Amino acid sequence: MAAWTLAAALPLLFLGVFFAWPVVALIARGFTGEAGAADFSGLAQVLSSARTLRLVRATLLQSLAGTALSVAAGLPLAYLLFRTRFRGRALLRALVSVPFVLPTVVVGVAFQAVFRLDGPLGFLGWFETLPAVVAALVFFNLSVVVRTVGGLWERLDPRAEQAARALGAGPLRVLRTVTLPSLAPAIASAAAVVFLFCATAFGVVLVLGGAGYNTVETEIYRRTVQFLDLRTAAVLSILQLVVISLALIVAGRARARQERALQLQPAEQAGHRWSVRRGSDLSAALCAVVVVSLVIVLPLTVLVLRSLRTAGGGWSLANYAALASTGDGNALVVTVWQALANSLRIAVVAALIALVIGALIALLLSRRPRRPAARRALAVADAAVMLPLGVSAVTVGFGFLITLDRPLGLPVDLRTAGMLVPIAQAVVAIPLVVRTVMPVLRAIDPRQREAASALGAAPGRVLRTVDLPVAWRSIGLALGFAFAVSLGEFGATSFLARPGDATLPVVIFRLIGTPGADNYGMALAASVILAALTGLVMGAAEWFRSGGQEQRGQF
């Protein structure tokens, strides 16, 4: 009993101090005046201003557009990758999964290179506009739709579609009347998660939107960093929390419906065709080629090629050689290589923290208590644990700034402590660890644990002999996820990192914000390195999880 109490107390204390407290303090700041008394005038003033309405409209527009296009582009890919089999399917699955783990700053720089006037799509005139931001959001969230919808599509019983075709229904009618209604829980779950990610796409908007395009999240950043207007930033954070909480509620309900739907058809009974032959398969393949080529391959290819171009138009490794400097006009305090070392050091610490806290939470939430009250409590805890995934990293970083100067009256300013950045990154990564490990633990038959306990095994031995052998591969994948997320985290880090401890995403943003072709070239080269490192980490984690073999599944 003491072990379970400790296992519950540690995550509760960590998230209480480093997530709940900063967020609650931030909300309270929006309802208090300068003297600390309750004052709702600032809240009413900010919410009724024309600028706030424009920010909300822009945020909702980019989120709805990004969600709709991600779902539309992801459905053909989900069909192709989970309902058919062909040579190279595993490679295509890996390629589609890469964008999800790329740092948002890298995605922004890649699409900036695509839509610049001298870029391959510069003729569209989308540079620093809403369409460019939406295109980057589709790139980033496409794999969420593919994995979530594909995981259910793979396990749908094909006999319902076959019966509809036997009765004379055409492919489109079968899709509209049979397939899409069956996939509705997964589509709704994916759409809710994508909407949440689009609404909190801080790095993408900051890099691609330019000075003339703002959302609620970038306005929070600018109000805090540029104008020191903490009250307005707090009110906007409250507004963002309301929108994100609604998206989380929808996502939770949709996920529950999806899990019930998955139970209807065991994976081993799922039907597959072994090659792309039918007309509908060829149509899906054509759509997939177009989507992958334009949305994934093009920006990554342009990013690599532009990093090898010099200001004079030649080809060389000059941009990579310049990474050992501080940029043109000493734009940086540290070199890019020093920033990379900072990123790796911080990401290791953050990933280990996230793994320990996230694994403990997953272990607790995977239990199956008999009492209804206990089951309801676990359901509430499950939803609460996902809040860091929905609450913007900018809000977390801002909350740290206003709460951790003298926490609990202690004579220490934690904002200058070296551990604050990895802690903030760990808070962001914990929900991904939980979502990666918990389904595996839930799949374990509880009778195995009961049998081990009945034979006299202590809780620690049950965990070591029953749970760990099943979950250790998913733990490796969770560690890779946490490391990759921490490596590319930009929102909270941009608030908290000191100049000498700047991480690679922060340095890339500073380079693209400083005039000079050499600085921009360095930003491109640094983005390639960060993207390659992130891809290698996730590739290794996926290989470890699968044991070198292709696995079925979803995010």
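Everything below is about the structure printed above this text.
All of the points below concern the structure found in this document. (Residues numbered from 1 in each chain as written. Predicted model: local features only at pLDDT ≥ 70, side-chain atom pairs only at ≥ 80, totals over all residues. Heavy atoms only, no water.)

**A few points about the overall build of the protein chain**
And step 1. Along its length, the protein chain carries 23 helices and 0 strands.
And step 2. The long-range share in the protein chain, meaning contacts at least 24 apart out of those at least 6 apart in sequence, stands at 79%.
And step 3. Total accessible area on the protein chain is roughly 24,500 Å²; 67% of this is exposed by carbon and sulfur atoms. (Helix = DSSP H or I, 4+ residues; strand = E, 2+ residues; numbered from the N terminus. Contact = heavy atoms within 4.5 Å. Areas by Shrake-Rupley, 256 points an atom, 1.4 Å probe, with all protein chains shown as cover.)

**Let's talk about a nonpolar patch on the surface**
And step 1. The grouping of Phe123, Leu124 and Trp126 at the surface amounts to a nonpolar patch, some 320 Å² of accessible area in total.
And step 2. A relative accessible area of 65% places Phe123 in the exposed class. (Patch = residues over 30% accessible without salt bridge, like charges linked within 9 Å, V, L, I, M, F, W, Y side chains within 5 Å. Salt bridge = Lys/Arg side-chain N within 4 Å of Asp/Glu carboxyl O. Buried < 20%, exposed > 50% of the residue type's maximum accessible area, 1.4 Å probe, protein only.)

**Considering the packing of aromatic side chains**
To describe a pair of aromatic rings, you give the distance between the ring centres and the angle between the ring planes.
And step 1. Summed over the entire model, instances satisfying the criterion amount to 12 aromatic pairs.
And step 2. Between Phe202 and Phe490, the aromatic rings sit 5.4 Å apart at their centres with planes inclined by 20 degrees, giving stacked as the arrangement. Of this pair, Phe202 sits in helix α9 (residues 202–208) while Phe490 sits in the loop between α20 (459–488) and α21 (491–496); the two residues are 288 residues apart in sequence, bridging distant segments of the chain. The two residues Phe202 and Phe490 agree in class, both being buried.
And step 3. An aromatic cluster is built from Phe100, Phe140, Phe197 and Phe481, whose rings are joined through pairwise contacts.
And step 4. Sitting over the face of the ring of Tyr520, Arg116 holds its NZ or CZ atom 4.3 Å from the ring centroid.
And step 5. Here the basic side chain of Arg309 rests over the ring of Trp315, its NZ or CZ set 4.5 Å away from the ring centre. (Phe/Tyr/Trp six-rings, centres within 6.5 Å; stacked < 30°, edge-to-face > 60°. Lys NZ or Arg CZ within 6 Å of the ring centre and 35° of its normal.)

**Structural notes on the nonpolar core**
And step 1. With 167 residues, the main nonpolar core has Phe14, Leu77, Val149, Val336 and Phe400 as its most contacted residues.
And step 2. Here the element with the most residues in this core is helix α6 (residues 130–153); it accounts for 16 residues.
And step 3. With sequence-adjacent residues up to four places away left out, Phe14 is seen in contact with Phe19, Ile353, Ile357, Ile423, Ala426, Val427 and Ile430. (Core = buried A, V, L, I, M, F, W, Y, C linked by side-chain atoms within 4.5 Å.)

**Considerations on the pattern of salt bridges**
And step 1. According to the stated counting rule, one finds 5 salt bridges in the structure shown.
And step 2. For Arg51, the salt bridge is made with Glu219, and the minimal N-O distance between the two is 2.8 Å. Linking Arg51 in helix α3 (residues 50–83) with Glu219 in helix α10 (residues 216–225), this pair joins segments that are 168 residues apart in sequence.
And step 3. Taking the relative accessible area as the measure of exposure, Arg51 reaches 33% and is therefore partly exposed.
And step 4. Using a relative accessible area of 3% as the deciding quantity, one classes Glu219 as buried.
And step 5. A salt bridge links Asp118 to Arg306, with the nearest nitrogen and oxygen atoms 3.4 Å apart. Taken together, the positions of Asp118 in the loop between α5 (104–115) and α6 and Arg306 in helix α12 (residues 279–307) put the pair 188 residues apart, joining distant regions of the chain.
And step 6. The class for Arg306 is buried, based on a relative accessible area of 17%.

**Considering the packing of α5 against helix α22 (residues 504–512)**
And step 1. Orientation of α5 relative to α22, taken along the N-to-C sense of each, is 30 degrees, at an axis distance of 9 Å. The orientation of α5 relative to α22 falls into the category roughly parallel. Here α5 contributes Val105, Val109 and Gln112 to the contact with α22, which in turn contributes Pro505, Ile508, Phe509 and Ile512.
And step 2. Among the residues making up the contact of α5 with α22, the classes are represented as 6 nonpolar, 1 polar and no charged. (Axes fitted to C-alpha atoms, helices over the stretch in contact; angles between N-to-C directions. Parallel < 35°, antiparallel > 145°, perpendicular 65-115°, else oblique. Nonpolar A, V, L, I, M, F, W, Y, C, P; charged D, E, K, R; others polar.)

**Section: the side chain of Glu489**
And step 1. Tracing the backbone through its elements, the reader meets Glu489 in the loop between α20 and α21.
And step 2. Although Glu489 is buried, it forms no salt bridge, and the closest oppositely charged side chain is Arg510 at an N-O distance of 12 Å.
And step 3. A polar contact of 2.9 Å, which involves the side chain of Glu489, links it to the backbone nitrogen of Ala492.
And step 4. With sequence-adjacent residues up to four places away left out, Glu489 is seen in contact with Ala393, Gln425 and Pro505. (Lys, Arg positive; Asp, Glu negative; His and termini not counted. Polar contact = N/O pair within 3.5 Å; in protein donor to acceptor, adjacent residues only side chain to side chain.)

**Observations regarding the environment of Val291**
And step 1. Considering the arrangement of structural elements, one finds Val291 in helix α12.
And step 2. Put simply, Val291 and Pro76 are 215 residues apart on the chain and 9.1 Å apart in space, counted from C-alpha to C-alpha.

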